[in-house]
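Breakdown of the fold
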Amino acid sequence: MEEGSRLVGITSLADSILRGVENVGTRASETLFEPVIRLGVTGLARAGKTVFITSLVTSLRERERMHGLVAAQEGRIAAAYLQPQPDDTVPRFDYEAHWGALTARPPHWPESTRAISELRLSLRVRPSGLLSGIQGARVVHLDIVDYPGEWLLDLVLLEKSYAEWSREVLARLSARKATSNEAARYLALAEAEDAAGTLEEPRAQALARAFTDYLAAARDNGAYDVTPGRFLLPGDLAGSPVLTFAPLAEPARVPRRSLWREMERRFDAYRAQVVRPFFRDHFARIDRQIVLLDVLGAIHKGPAALEDMRAAMGDILGAFRPGRNALLARLLRGRRVERILFAATKADHLHHSEHARLAAITAALTEGARERARFAGARTESMAIASLRATVEEIRRHEGQEFPCVRGTLLETGRQAALYPGRLPDDPAALLGPARRGAGTWLDEDYEVMNFAPPELSLRPGEGPPHIRLDRAAQFLIGDRL
Ligand SMILES: Nc1nc2c(ncn2[C@@H]2O[C@H](COP(=O)(O)OP(=O)(O)OP(=O)(O)O)[C@@H](O)[C@H]2O)c(=O)[nH]1
Ligand SMILES: [Mg+2]
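Residues numbered from 1 in each chain as written. Chains lettered and ligands numbered in written order. Predicted model: local features only at pLDDT ≥ 70, side-chain atom pairs only at ≥ 80, totals over all residues. Heavy atoms only, no water.

1. Re the overall build of the chain
Within the chain, the regular secondary structure consists of 18 helices and 10 strands. In terms of C-alpha radius of gyration, the chain reaches 25 Å, essentially the compact-globule figure of 23 Å for 482 residues. Based on the C-alpha atoms only, the size of the chain along its principal axes is roughly 75 × 70 × 45 Å. Looking at the chain residue by residue over its 482 residues, the buried ones come to 52%. Sequence separation of 24 or more characterises 77% of the internal contacts of the chain that already satisfy a separation of 6 or more. Surface exposure of the chain reaches about 22,900 Å², of which carbon and sulfur atoms provide 51%. Of note, the chain has its 65 positive side-chain charges centred 3 Å away from the centre of its 63 negative side-chain charges. (Helix = DSSP H or I, 4+ residues; strand = E, 2+ residues; numbered from the N terminus. Rg over C-alpha atoms; globule rule 2.2 N^0.38 Å. Buried < 20%, exposed > 50% of the residue type's maximum accessible area, 1.4 Å probe, protein only. Contact = heavy atoms within 4.5 Å. Areas by Shrake-Rupley, 256 points an atom, 1.4 Å probe, with all protein chains shown as cover. Lys, Arg positive; Asp, Glu negative; His and termini not counted. Charge placed at Lys NZ, Arg CZ, Asp CG, Glu CD.)

2. Focus: the site of ligand 1
Taken together, 18 residues sit near ligand 1, with Lys49, Thr50, Val51, Ser112 and Thr113 positioned nearest. Leu388 places a main-chain nitrogen or oxygen 3.0 Å from an oxygen atom of ligand 1. Alone, ligand 1 offers 650 Å² of accessible surface; in the complex the protein occludes 94% of this. Of the residues assigned to the shell around ligand 1, the class counts are seven nonpolar, six polar and five charged. (Near = heavy atom within 4 Å. Polar contact = N/O pair within 3.5 Å; in protein donor to acceptor, adjacent residues only side chain to side chain. Nonpolar A, V, L, I, M, F, W, Y, C, P; charged D, E, K, R; others polar.)

3. Structural notes on the coordination of the magnesium ion (ligand 2)
The protein atoms that coordinate the magnesium ion (ligand 2) are Thr50 (OG1) and Thr113 (OG1), at distances of 2.0 to 2.1 Å. With a gap of 63 residues between them, Thr50 in helix α2 (residues 49–61) and Thr113 in the loop between α4 (95–103) and β3 (117–125) connect regions that are remote in the sequence. Residue classification places Thr50 among the buried residues on the basis of a relative accessible area of 8%. (Donors = N, O, S within 2.8 Å, 3.2 Å for Na, K, Ca; no water.)

4. Brief notes about the domain arrangement of the chain
For the chain, the assigned domains read domain 1 (34–147 + 282–388 + 458–481) and domain 2 (158–274). Averaged C-alpha coordinates put domain 1 and domain 2 at centres separated by 33 Å. Across the contact, 13 residues belong to domain 1 and nine residues belong to domain 2. For the pairing of domain 1 and domain 2, the buried interface totals around 980 Å² over both sides, and the portion due to carbon and sulfur atoms is 57%. The interface formed by domain 1 and domain 2 contains one salt bridge. Here Asp308 makes a salt bridge to Arg176, at a shortest N to O gap of 3.9 Å. If you look at where domain 1 meets domain 2, you find zero residue pairs in polar contact (both at pLDDT 80 or more). Contributing elements (two or more residues each) for the side of domain 1 that touches domain 2: α12 (295–301), α13 (303–318) and α14 (326–332). (Domains from an automatic or database assignment. Buried area = accessible area lost by both parts, 1.4 Å probe. Salt bridge = Lys/Arg side-chain N within 4 Å of Asp/Glu carboxyl O.)

5. Remarks on helix α15 (residues 355–365)
In terms of burial, α15 is largely enclosed, as eight of its 11 residues are buried. Every buried residue of α15 is accounted for by His355, Arg357, Leu358, Ala359, Ile361, Thr362, Ala363 and Leu365.

Printed below as a string of structure tokens:
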């Protein structure tokens, strides 16, 4: 018995020393000899993260469509190859499966992913200018980390007690009660509950389930404030106590073993064991960040969705402004993101004459957020991109007027269709203003979105997939380090 426990003690000690040495070793060799860029890719559900990473990796390997990336244009990227990633416990980004989906016959969009994943692409780069004659090629590792934007929204939970959080969420549900059955149902359930009464697990589970149903319905209606983020994206935490809590009205007294006490304990466990490790172990190590936004999707859903996206972006970007949050500052230990790109995805739904207006709306949507990020020393930029271009442009004439359209294959029917999505306003305020004031519908224009199937690709060797400004995005994000 004694022997056994001592043995365990010694092995785990030896193990941790060994691991310590290993860590120091990898870090030293990487920082001394082979630079690493850690690129975070995030965005809310369906923003286009998976397609972006898949297309970016292919385009860095097959660089013929990447003239906007200076190192590629100058022919200095000698090779790009996938390597084992540095983090052994993070799932690998399944590049092969996603690229396989896009190049299948017929092609289809990759599956929804909904958790963190990582991929290492190593680039062999020749130096530019004066150094080119003296120095040989060096290796730069690009570690791409895909994670749900919803996880960043959880940051606000770090600052809140269960009582505060409950109050806010119940108020939000009350405001949505009239339009959401799920909100009304949850409120009825929570009001019938005696929070001071003894915990009964099945009732805690019923509350958590009803609350999760509300979150799912809110998200489907275009709401983005759907925290706690893991409720909708549970992964292997599904059914565990850290996800079995829900907001309640605070009772006058909270006896031990009461429902309230236990919910409070689980809320704290969620913060300590889910939210904090994510920020400490993953977020803190990111150097460059792209935040993808399906701006067209939100505009199509209407003013409330656009306003909600703006508010969510404000919360998300709070994570890039650690000064304000003491807890976060401690988790980040002085590290910060150097560059942040806000990219409106799926710009291939618009004729190129509309792209500048889409970029302006994206900039305006993240304006408050951008100001704050800049404050924290990060460089930021906004653009409209398409990771994979699924359409071609076409001018259509109707009753003497010209309409700049895009044409593609419809996902639902497999038929070709031309889309005129509506003209975006020159001044972003024409959309953001009414959205902020709570307008029910857009006044001047209906904005259409269609779901296009991915294009049938026939690529020559050296040629990556067709895209819009993916090369410019890459230049902003990593170009200066190549
Ligand atoms: N036309 C067009 N559609 C795109 C593009 N990128 C993404 N989409 C569409 O958006 C959907 C979502 O893209 P994903 O890359 O899976 O988005 P995600 O952010 O990884 O989504 P989750 O993993 O569900 O959070 C795709 O299935 C496509 O329908 C693009 O460049 N052009
Ligand atoms: Mg994904």
